[in-house]
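Report on the structure
Below, each chain spelled out in residue letters.
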Amino acid sequence: MNADENDPKARVAAFYSRIATTYDQIGPTVFTTFGQRIVERTAILPGSRVLDVAAGRGANLFAAADKVGSTGEVVGIDIAPAMVQETQTLIEQRGLLNVSMQLMDAEQLTFADNSFDHVLCNFAIFFFPQLQQTLNGFCRVLKPQGTLTVTLPASGDARWRWYNELIGTYYEQYQLPLPPLATGAQPLLDVAAFTDLLKQAGFSDIHSTIEEAEFIYADEEEWWKAKWTHGERYPLENMPAEMLKQFRPEVLERIKELQQPDGYHEKWRIHCVIGQK
Ligand SMILES: C[S@@+](CC[C@H](N)C(=O)[O-])C[C@H]1O[C@@H](n2cnc3c(N)ncnc32)[C@H](O)[C@@H]1O
C-alpha cells in the first residue's frame, strides 16, 4: 500500500487521475448520457453562471455550456489533477472561452458567496465525508434562488446483481477486505435523508426524479474493458494477480447467459435531486 492509499482523498485523486483518459470512452457513454439528462432537468438559462462540482471529463460541464451559451460561464472543479488537465484540454479543443476547469476539493470551495446560478454534482456525492458541511458550501456559493442538482445512486440492474456478489465472494475466499474507494460518510444515502441535509444547508422546494437508461455493450470484451474506465475498476485493480486470473474467465463465461442479439444490456438508475436556495 503506498502513501496515497492511506489518505482517502489522495486515493480518490490518484485513482481518477489514472483513468482520466479512458473515463466514459469505452462502450456506451453512460456518464455523458446522465450528464445531459441532469442538465435538462435543471432550468439553466442563457447567460447564467454554472459550477460543476467533481466535473470529471465534463459530462455535465459541456451540456451546461450548450445551455448558457456565449454570454454565460461554466466552471468545473475536480480533485484529480489529470482529470482537470484532460478536461481543460477538451475545453480548449472545442474552443470554449467561457468554460474552465480548476483543481479544487468540493469540500473546500474557494469561490465567493452568491456567485453561481446553478451548482451541479453528478456521480460524486458519496466521495464527501463532511457531507453537511459540503452542502452548506454549495449553498453559500449559490445566488439567492439559485439551484443545486445532485444525483444519488438508486438500486441497480437486478440482472447484474451477481457481479458485485461474486467480487465479494472472491475477496472473502482470498481473506482480503474489499478495498474502499469512496469513503463518503453516507454511501447509500436515501433521498429522504438527503433532503433533510439539503434543508439544513438552506435549500427549499426540493424535488427528485428517478433517471434511468439502458446501455448496450457490443460484446464481452467491450463490457469488461468498460469496467476499467470508472469506479468499478477499483476492486478489479486491487485483486492479486492470481485472483484476477481466476475471476476474469469466470465472469466472462457467466455473462454469456445475459447475451442478447445486439449485445449485453445494463440498466443504470439514479435519483436526481434539485433544491433551491
Ligand atoms: C464518478 S466521477 C463523476 C464525474 C462527473 N461528474 C460525471 O458525471 O461523469 C467522480 C469524480 O469526482 C471527483 N472527486 C472525488 N472527490 C472529490 C472532491 N473531494 N472534490 C472534487 N472532486 C472530487 C473525482 O476525481 C472524479 O472525477
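Residue positions are counted from 1 within each chain, in the order its sequence is given. Confidence filtering applies because this is a predicted model: local features only for residues at pLDDT of at least 70, side-chain atom pairs given and counted only at 80 or more, and all residues used for totals across whole chains, interfaces and linings. Processing note: side-chain calculations cover all non-hydrogen atoms of the structure and skip hydrogens and water entirely.

Some remarks on the pattern of salt bridges
The term salt bridge refers to a side-chain nitrogen of Lys or Arg lying within 4 Å of a carboxyl oxygen of Asp or Glu. Overall, the coordinates contain 17 salt bridges when judged by the stated rule. Notably, a salt bridge pairs Asp 105 with Lys 9, separated by 2.8 Å at the nearest N-O pair. Highlighted residues: Asp 105 in the loop between strand E3 (99–103) and strand E4 (116–121) and Lys 9 in helix H2 (residues 8–18), separated in sequence by 96 residues. By sharing partners, the salt bridges in this structure join Lys 9, Asp 105 and Glu 107 into a single network. The helix count covers DSSP runs of H or I at least four residues long, the strand count covers runs of E at least two residues long, and both are numbered beginning at the N terminus.

A short note on empty space enclosed by the protein
Buriedness for pockets is judged along seven lines, at least five of which must meet protein on both sides within 12 Å for an open set on the 1 Å grid over protein atoms alone, while cavities are sets there where a 1.4 Å probe fits but cannot get out, and lining residues have an atom within 4 Å of a point. Grid points are joined across faces, edges and corners, and a volume is the space filled by probe spheres set on the points. With the rule as written, the count across this model stands at three cavities of 30 Å³ or more. Of the pockets and cavities examined, the largest cavity occupies roughly 50 Å³. Along the walls of the largest cavity sit Asp 24, Ile 26, Pro 28, Val 30, Phe 31, Tyr 217, Ala 226, Thr 229, His 230 and Trp 268, which together make up its complete lining. Polarity classes work like this: nonpolar for Ala, Val, Leu, Ile, Met, Phe, Trp, Tyr, Cys and Pro, charged for Asp, Glu, Lys and Arg, and polar for all others, with Gly in that last group. Considered class by class, the residues forming the lining of the largest cavity number seven nonpolar, two polar and one charged.

What to know about the site of the ligand
For the ligand, the set of nearby residues contains 21 residues, the closest of which are Tyr 23, Ala 54, Asp 78, Ala 106 and Asn 122. At 2.9 Å, a side-chain N or O of Asp 105 approaches a nitrogen atom of the ligand. Each accessible area is a Shrake-Rupley result for a 1.4 Å probe, and residues are judged covered by the shown protein chains and nothing else. About the coverage of the ligand: the protein hides 98% of its 600 Å² of free accessible area. Classifying every residue of the shell around the ligand by side-chain character gives 16 nonpolar, three polar and two charged. Note on terminology: near, applied to a residue and a molecule or strand, indicates that one of the residue's heavy atoms is within 4 Å of it. Each polar contact in these results corresponds to two N or O atoms within 3.5 Å; when the atoms are within protein, one needs to be able to donate a hydrogen and the other to accept it, and residues that are neighboring in sequence are counted only if both atoms are side-chain atoms.

Considerations on unusual backbone geometry
The backbone phi angle of Asp 24 is positive, close to 65°, even though this residue is not glycine. Note on placement: Asp 24 falls in the loop between H2 and helix H3 (30–41). Only protein chains enter the accessibility calculation, which uses a 1.4 Å probe; a residue is then buried when its area is under 20% of its type maximum, exposed when over 50%, and partly exposed in between. When its relative accessible area of 7% is taken as the criterion, Asp 24 is described as buried. Even without being a glycine, Asp 205 presents a positive backbone phi close to 50°.

Details of the environment of His 265
Mapped onto the fold, His 265 is located in strand E8 (residues 263–276). Considering only alpha carbons, one finds His 265 and Leu 61, 204 residues apart in sequence, at a separation of 27 Å. Among the polar contacts listed, one links the side chain of His 265 to the side chain of Glu 214, at a separation of 2.7 Å. One polar contact links His 265 to Asp 262, side chain to side chain, over a distance of 2.8 Å.

Observations concerning the packing of aromatic side chains
Aromatic pairing here means that ring centres of Phe, Tyr or Trp (its six-membered ring) are within 6.5 Å. Orientation follows from the plane angle: under 30 degrees is stacked, over 60 is edge-to-face, and everything else is tilted. The final tally for this structure, using the stated rule, is 22 aromatic pairs. A ring pair is formed by Phe 15 and Tyr 234, whose centres lie 5.5 Å apart and whose planes are at 85°; its orientation type is edge-to-face. Of this pair, Phe 15 sits in helix H2 while Tyr 234 is found in helix H10 (residues 233–237), placing the two residues 219 residues apart along the sequence. Both residues of the pair, Phe 15 and Tyr 234, count as buried.

Some remarks on the pairing of E8
Where burial is concerned, most of E8 is hidden: eleven out of the 14 residues are buried. As defined by bridge partners, strand E5 (residues 142–153) adjoins E8 across seven bridges and the pair is classed as antiparallel. Paired with Thr 151 across the two strands is Cys 272, which belongs to E8. With twelve bridges joining them, strand E6 (residues 204–217) and E8 adopt antiparallel strand pairing. Following the sheet pairing, Ile 216 is matched in E8 by His 265. Think of it this way: DSSP has to see at least two bridges between two strands before they count as a pair.

Read these as geometric descriptors, not functional statements.
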